[in-house]
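# Descriptive structure summary
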Amino acid sequence: MSNTPDVVRTVKELRGITAEWRRDGEASALIPTMGALHEGHLSLIDLAHEHADRSVVSIFVNPKQFSPAEDLATYPRDEEGDLEKLYERDADLVYIPDGPEMYPPDFSTSIGVEGMSQSLCGASRPHFFGGVATVVAKLLIQAQCDYAVFGEKDYQQLLVVRRMARDLNIPTEILGAPTVREDDGLAMSSRNQYLSRQDREMAPHLYAVLENVAESIRAGVAVGKALHEGVQVLAQAGFDVDYLELRDGRTLEPIDALTESSGRIFAGAYLGKTRLIDNIAV
Ligand code: AMP
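### Some details on the sheet that holds strand E1 (residues 6-8)
- Within the open sheet, the 6 strands sit side by side as E1-E4-E3-E2-E5-E6. Their pairing is parallel. Both outer strands of the open sheet, E1 and strand E6 (173-177), are each paired with one neighbouring strand and no more. Averaged over all adjacent pairs, the angle separating strand axes in this sheet is 25°, with direction ignored.
- Bridge count between E1 and strand E4 (residues 93-95): 3 bridges; the pairing is parallel. Bridging from a neighbouring strand, Val8 pairs with Tyr95 of E4.
- Running at roughly 150° to E4, helix H1 (residues 11-23) makes contact with E1, strand E2 (28-33), strand E3 (54-59) and E4 of the sheet.

As structure tokens, this is what we get:
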């Protein structure tokens, strides 16, 4: 096959190649994904290449971040399509471990990031950030890259990963990349393909409401009032709102006024069975 990037499936092969890059004085960046790649994922490769000479994209649908009731079995998978996109985007290497390579049968370790993991998405998905922190710690240690790139679309995840890497002295710098959106404002997500046609038409309301709430807060409307109105608009549009909150974008601490420039609004909501999340700076 000529039109595919180099693919490795074991830690040993991965380390062999990243070690060679290091010996040659080339900086490298890891881009962890769960596949079903879209422009949001591919934009992370562009950012990686602004900082590093070499990029490695991992594709692994991590069972540890799904609860038994969630969509692990039906999560979209398209290895062939993903490899084509990665080839076109000049990813240097693709790492696709299988389940046992990542989690041997007697795997016994888990990583938890206290505090930050427990609110917002962590409140309704208590298993989630432990699963993410565990797999990302493994990926960072496996790849031993200088940088790793994560999307601001999953802003809480970005902060949890950054804290985990700092706490564990993992010498990989965590970079955040801006959210890539569809033309109508909907944040790109592998899960968008689950949306029915009707729900897909409704979905951009989430971003529109974030923008409106941010605008109200900037204009001096009380934060509680602006958020309450946002929840009502979303509910009327058919969303089942999990949370809509103003938080400090550096610490994720709740804030009830815009004291500094780091305020961020976070939303999580279901349309039908599909969970959508989004966030913007105020
Ligand atoms: P996932 O495959 O959903 O686990 O996402 C892999 C990486 O891509 C994560 O760092 C996400 O934050 C990032 N990502 C997903 N969607 C977007 C998007 N629309 N814009 C920017 N980054 C994204």
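### Here we look at the pattern of salt bridges
- Applying the stated criterion to the full structure yields 16 salt bridges.
- In this structure, Arg181 engages Asp278 in a salt bridge whose closest nitrogen and oxygen atoms are separated by 2.8 Å. With Arg181 in the loop between E6 and helix H8 (197-202) and Asp278 in strand E9 (residues 274-281), this residue pair connects regions lying 97 residues apart in the sequence. Across the pair, exposure class does not vary: Arg181 and Asp278 are buried alike.
- The closest approach of N and O atoms between Arg250 and Asp248, which form a salt bridge, is 3.0 Å.
- For Asp248, a relative accessible area of 11% puts it in the buried group.

### Structural notes on the sheet that holds strand E8 (residues 263-271)
- If you walk across this open sheet you meet the 3 strands as E7-E8-E9, and the pairing is antiparallel. Strands at the two margins of the open sheet, each flanked by one partner only, are strand E7 (240-248) and E9. Between one strand axis and the next, the sheet turns by 10° as a mean value, whatever way the strands run.
- Relative to E9, E8 runs antiparallel, the two being bridged by 8 bridges. By the bridge assignment for E9, Arg264 is matched with Ala281.
- Helix-sheet contacts for helix H10 (residues 223-236) involve E7 and E8, and the interaxial angle to E7 is about 155°.

### Quick look at the domain arrangement of the protein chain
- Domain boundaries in the protein chain define domain 1 (6-177) and domain 2 (190-281).
- Each of domain 1 and domain 2 was reduced to a C-alpha centroid, and the two centroids are 26 Å apart.
- Taken together, the two surfaces of domain 1 and domain 2 that pack against each other cover about 1700 Å², and 53% of this comes from carbon and sulfur.
- Where domain 1 meets domain 2, there are 2 salt bridges.
- Between Asp71 and Arg191 there is a salt bridge whose closest N-O contact spans 2.9 Å.
- Run the count over domain 1 and domain 2 and you get 11 residue pairs in polar contact (both at pLDDT 80 or more).
- Elements that contribute at least two residues to the side of domain 1 that touches domain 2 include exactly helix H5 (121-124) and helix H7 (155-167).

### Considering helix H3 (residues 79-88)
- Every buried residue belonging to H3 is among Gly81, Asp82, Leu83 and Leu86, and all of these are buried.
- Phi turns positive, to about 65°, at Asp90, one or two residues after H3.

### Considerations on the site of the ligand
- Inspection of the region around the ligand gives 17 residues, with His41, Gly151, Asp154, Val180 and Met188 positioned closest.
- At 2.6 Å from an oxygen atom of the ligand is found a side-chain nitrogen or oxygen belonging to Asp154.
- Notes on the ligand: free accessible area 490 Å², of which the protein chains cover 93%.
- Looking at the shell around the ligand, the elements that each hand over two or more residues are E2, helix H2 (39-51) and strand E5 (147-151).
- Ranked by residues supplied to the shell around the ligand, first place goes to H2 with 3 residues.
- Broken down by class, the residue content of the shell around the ligand amounts to 8 nonpolar, 7 polar and 2 charged.

The rules behind each value
Residues numbered from 1 in each chain as written. Predicted model: local features only at pLDDT ≥ 70, side-chain atom pairs only at ≥ 80, totals over all residues. Heavy atoms only, no water. Pairing = 2+ DSSP bridges. Helix = DSSP H or I, 4+ residues; strand = E, 2+ residues; numbered from the N terminus. Axes fitted to C-alpha atoms, helices over the stretch in contact; angles between N-to-C directions. Contact = heavy atoms within 4.5 Å. Salt bridge = Lys/Arg side-chain N within 4 Å of Asp/Glu carboxyl O. Buried < 20%, exposed > 50% of the residue type's maximum accessible area, 1.4 Å probe, protein only. Domains from an automatic or database assignment. Buried area = accessible area lost by both parts, 1.4 Å probe. Polar contact = N/O pair within 3.5 Å; in protein donor to acceptor, adjacent residues only side chain to side chain. Near = heavy atom within 4 Å. Areas by Shrake-Rupley, 256 points an atom, 1.4 Å probe, with all protein chains shown as cover. Nonpolar A, V, L, I, M, F, W, Y, C, P; charged D, E, K, R; others polar.

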